[in-house]
Each structure stands twice: as C-alpha cells, then as structure tokens.
Amino acid sequence: MTRESSSLDNLNPFFTPSSLLADQAFSRTAGAPLVAGNSLRLLRDAAEHYPLWLNAIRTARHCIHLENYIIENDSVGREFMAALTERAQAGVSVRVLHDWMGGFSVNSPALFRSLIQAGGEVRTFNPIRLSNPQDWLTRDHRKSLTIDGQTGYVTGVCISARWLGDPTRDIPPWRDTGLEIKGPAVAEIIAAFAQAWATCGTALPASEIPAPGDLPEAGNISLRVLATTPSTSGMYRLDQLIATIARETLWLTDAYFVATPIYVQALCAASLDGVDVRLLVPSSSDILFISPLSRASYRPLLEAGVRVFEWNGSMIHAKTAVADGRWARVGSSNLNLASWISNYELDIAVENTEFAESMEAMYLADLDNATEIILAGQKVKPVYPLNRRRTPRAYREKGSGMTTAMRLGNTVASALRQQRVLNTAEAGLLASMGMILLAISVAGLYWPQLLAIPVAIISLWLALWLLARAWHLRQRHRPPSLPTKNTEEKPPEG
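Residues numbered from 1 in each chain as written. Predicted model: local features only at pLDDT ≥ 70, side-chain atom pairs only at ≥ 80, totals over all residues. Heavy atoms only, no water.

## A few points about the layout of surface pockets
Then comes step 1: For the largest pocket, the calculated volume is near 950 Å³.
Then comes step 2: Every residue lining the largest pocket is counted, 39 residues in all, and those nearest its centre are Tyr 69, Met 101, Ile 287, Ala 338 and Asn 343.
Then comes step 3: Mapped by element, the contributors of at least two residues to the lining of the largest pocket are helix H9 (290–295) and helix H11 (337–342).
Then comes step 4: Of the residues that constitute the lining of the largest pocket, the class distribution is 22 nonpolar, twelve polar and five charged. (1 Å grid on protein atoms, 1.4 Å probe; cavity = no way out; pocket = protein on both sides within 12 Å on 5 of 7 lines; lining within 4 Å. Points joined across faces, edges and corners; volume = space filled by probe spheres on them. Helix = DSSP H or I, 4+ residues; strand = E, 2+ residues; numbered from the N terminus. Nonpolar A, V, L, I, M, F, W, Y, C, P; charged D, E, K, R; others polar.)

## Points about the pairing of strand E1 (residues 35–44)
Remember that side chains alternate between the two faces of the sheet whenever the strand is regular.
Then comes step 1: Bridging between E1 and strand E8 (residues 221–228) involves two bridges; their strand directions are antiparallel. By the bridge assignment for E8, Val 35 is matched with Leu 223.
Then comes step 2: As judged from the six bridges shared by E1 and strand E7 (residues 177–182), these two strands associate in the antiparallel manner. Along E7, the bridge assignment pairs Arg 44 with Thr 177. (Pairing = 2+ DSSP bridges.)

## Quick word on the packing of aromatic side chains
Then comes step 1: For the structure on display, the rule yields ten aromatic pairs.
Then comes step 2: Aromatic side chains Tyr 50 and Phe 80 sit 5.6 Å apart centroid to centroid with 75° between the ring planes, which places their arrangement in the edge-to-face category. Residue Tyr 50 is located in helix H3 (residues 45–58), and its partner Phe 80 is located in helix H4 (residues 75–89); the two are separated by 30 residues in the primary sequence.
Then comes step 3: Taking the relative accessible area as the measure of exposure, Tyr 50 reaches 5% and is therefore buried.
Then comes step 4: Each member of the aromatic cluster is reached from another via a ring pair, and the members are Tyr 50, Trp 53 and Phe 80. (Phe/Tyr/Trp six-rings, centres within 6.5 Å; stacked < 30°, edge-to-face > 60°. Buried < 20%, exposed > 50% of the residue type's maximum accessible area, 1.4 Å probe, protein only.)

## Details of empty space enclosed by the protein
Then comes step 1: Considering all chains together, one arrives at three cavities of 30 Å³ or more under this definition.
Then comes step 2: In this structure, the largest cavity encloses a volume near 70 Å³.
Then comes step 3: Forming the walls of the largest cavity are Arg 175, Thr 177, Thr 253, Ala 318, Thr 320, Val 322, Met 359, Met 362, Tyr 363 and Asp 366.
Then comes step 4: At the level of secondary structure, the elements contributing two or more residues to the lining of the largest cavity comprise strand E12 (320–323) and helix H12 (353–367).
Then comes step 5: No other element matches H12, which puts four residues into the lining of the largest cavity.
Then comes step 6: Residue classes in the lining of the largest cavity are distributed as five nonpolar, three polar and two charged.
Then comes step 7: Volume-wise, the second largest cavity comes out at about 50 Å³.
Then comes step 8: Around the second largest cavity, the lining residues are Ala 255, Val 281, Pro 282, Ser 285, Ile 290, Ser 291, Ser 294, Arg 295, Tyr 298 and Glu 310.
Then comes step 9: Only strand E10 (276–282) and H9 provide two or more residues apiece to the lining of the second largest cavity.
Then comes step 10: Ranked by residue count, the leading element in the lining of the second largest cavity is H9, at four residues.

## Overview of unusual backbone geometry
Then comes step 1: Non-glycine residue Asn 126 carries a positive phi angle of around 50°.
Then comes step 2: Inspection of the secondary structure puts Asn 126 in the loop between strand E4 (121–125) and strand E5 (143–147).
Then comes step 3: For Asn 126, a relative accessible area of 12% gives the class buried.
Then comes step 4: Positive phi is not limited to glycine here, since Asp 324 has a value of about 60°.

## Section: the packing of helix H7 (residues 234–245) against helix H8 (residues 261–272)
Then comes step 1: Where H7 meets H8, the closest approach of the two axes is 9 Å, and the angle between their N-to-C directions is 15°. Regarding the angle of H7 to H8, the classification is roughly parallel. Crossing handedness for the pair H7 and H8: left-handed. Listed contacts from H8 to Tyr 236, Asp 239, Gln 240 and Ala 243 of H7 are Ile 262, Tyr 263, Ala 266, Leu 267 and Ala 270.
Then comes step 2: For the contact of H7 with H8, a count of residues per class yields seven nonpolar, one polar and one charged. (Axes fitted to C-alpha atoms, helices over the stretch in contact; angles between N-to-C directions. Parallel < 35°, antiparallel > 145°, perpendicular 65-115°, else oblique. Left-handed = near helix turned anticlockwise from the far one by under 90°. Contact = heavy atoms within 4.5 Å.)

Keep in mind these numbers describe shape, not what the thing actually does.
Next comes the structure, spelled out in structure tokens:
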C-alpha cells in the first residue's frame, strides 16, 4: 500500500482495512450484511427503466416478482400487464404486489383481470379497513422487480405514464434513478419481496427464494440491501450515521424532503465541520403541501452552509445519496418520517469508489437543470468543482430543534442566473397560513357542523374500533370453562 493511499484511508472511515468498527456500525445500523460479488448498472429515468424491465419480463423462464407502490391503469401499466400476462400463459410464475393507496383508482381492478385469469397472482398491500383505522399509515412504498432469481431491479420509478411526461403538453419526464443488479445480492431482494408478500397471504414458495450462496458472483461490487419495515427505523439511523461520518462530501437528492429536527441538525453539523453538503429537491411537487414543508427547513440549512437546489423540471422523484466518492444509496426511501418509520422501503447501499463517482457525475449533471437557493448577501460558490475541505466552524444550535427545523416561511423571491434569494418575503407563507386558520375559525363559528360532524364520525369510528379490540382481547385471554361436576351420586357397587 502506498503512503498516499494509506493517508486517504486514515482520513476516511469508509471501506478501509482499518474500518472494521465502521463496517460493524453499518451492519448493525442498517440491519443488513455487506454482500460482495455483484454487478450494477445505473439507470436514469423511466426511459431507461421501462424497456429494460419489459425485455427482462418477456424473457423470463421461471418466476417474476414485481413489487411497486403505483401500478397505474394507463398505457404504461397496460403494456406491463400484457407482458406479464403472456408470461403467465406460458407457465411462468408471475406474482405482483402493489400498494392499495398508491394504486387507488376506480378502474384499477380491471388492470389485473387478464393476468389473474392467465394464472398470475396479484396481491394488494394493506387495503383500508374499518377494523384497523391506524394501519392506513403503513404503506408498501418499495419498487422492485426480480427475474428468475437471477436479475434484480431496485428503483424509485413507479409504473405510470406520469414518469414519461407528456410531449404534446410540453411536460418533461420525471427525473428518477434506479439500479439493475446481478449477483448474490439478488437473493436479498427476493427475500425482501417474500417478506412483504407474506403479509398479504400465504408465503412465497421455497422454490422461488434462493439462498445467497446459491447465486454466483457477477462482479466486484459490495453492497447492502436495505429492506426496512415499519417501526424499525434502520434507514433513519443509517442516514444519520452517514451524515456523521462523511468527511468531504454528502450530496442528497430527495423527492419529499420533510426532515426531522435531528436530521436537519446532523446535516448542519456536517456542513459546519467542513463537509460539502448539498440537497436537491423539486421546485414543485405532485403532492401540494410537500414543497412548503420542505422550504420550512431551508433557512437553518443555508445558515449552516448547506447548499440547497430546486429542480427546474416537472418533478424530480429520485431518492439518492453519495458520500465522499466512496458510498452511495439508491432506492425508494425519502427523507421523511413516512419512509423512515411507517413504510416498507427498499434501498441499495453501495460501497464502491467507481460507482460512487458515477453517482457524483450524475448529480453534477442534474445541477445543470436546477436553481440554487441562497440567502440575501450570500457569496456565490461554483457548482462543479468538488469543494475542498474547509476550516471547521463550531456548531451552535439556535433555539429548540423543532423551532430550527420547522421554522415557517421560506418563500422564494426573484430568480437570477439560476439562483433565488431566500429573504423576508417569507411573510407571504405566514400570511397564507394565517388566512387558512382564520377561515377554519369563521367556519366553526358560523357553521359548527362543518367541524363537529367530521370530529364526531372519527370519534365514533375510533370508539367502535377500541371496543371491538377490547372484546377480542377479552375473548382471546378468557380462561377455559371448567367441566361441570356431576352431582348425582352413583349407587354403591356390589
């Protein structure tokens, strides 16, 4: 080992011979082992995903496992169902798992009818039930596809024409990122599918679940398959760990950024310690209330030196991270509590320098179509050169974590040279929120039924559910009845 490489290893805890403790921390935090011997292909947008997926489906010979949050009944969804139906008719085992909320529409059942008739199996994850009103918060937000137990795809792309845009209306495609994976890690992806599949019915047949040792090596890339489940918070801990140990760069892309105070503080602390922290988010979201919530965290991040960019296209839906040119993550998890705490999510964490450099190049290309948000009077910095390590500054927390992270009112003023200044125009958002609250209060005074009826319905629903749960628990733990004693005396024998 050269002196130069040794010094680099000492500077960075990722993947060095002396980083056994860091590797142990990764394994325990993520709850996923490091799997070696894989090959990866980085995929950009639906235009690369869909043809590759369809070709893989049409050449399947044994089994197909498709898990996706949204499978929409449109031209794209119907093309996929036609390909899956043809394979089911040819005797291939086809299993499809989609989320009830993600794919909810009046005509969604018709989309799967031909596949089911051909012998394919379709399951809907967690349809809403009155018996468990709180369970609707748990969603299957994963997006994966495996073919014949040999090839796997993990991504943020759903099956919907929205991802392709609409050229006739001048709507560009959605920006998204995914991976094609071959090697032993595919077994971990199938195990994650089997786990979610079993929550909706009988377990996946053992013949369709390969062991990691059953698959031959396909490359030299080591990675972790992060299959998170509700209440485990493995991804939350991992994201904080990466923010803690990154030393040079931490570049994040997120579609629905609504971070917790703790995570915002972790990013601020990393930036103040000299790490080049960047965050790329949509300028407008398909979920209306997300963008204002995301902007509520801009000011503390910007004040700490974090660089925030907004995508100029129709929607950026990618969920990625790349740190120090050595570690990268691609998958379905957003930087918010729904992904961290309540959803089923699937991500790939890659520990490979060459792949991380490809992720960095893609990130810099994305910044060509993004506008940087800056504070008034903030010095303009170059986008492309990697930021050299700066002199660390002491991190001083301002106010409570909740106040810092969720400080309201970050509106965007005029744009100049792909930069927008964050300034005191934030009063507009406060005024909007005040008007909404005023409207609610007026409605409550003049038409109290508008507030009372929904509250009464929800209270009745919760009351009936609690009473039903109490009755079921009493029945479950009720002691068995004792046999009745025969009081009739038997005549003496003899």
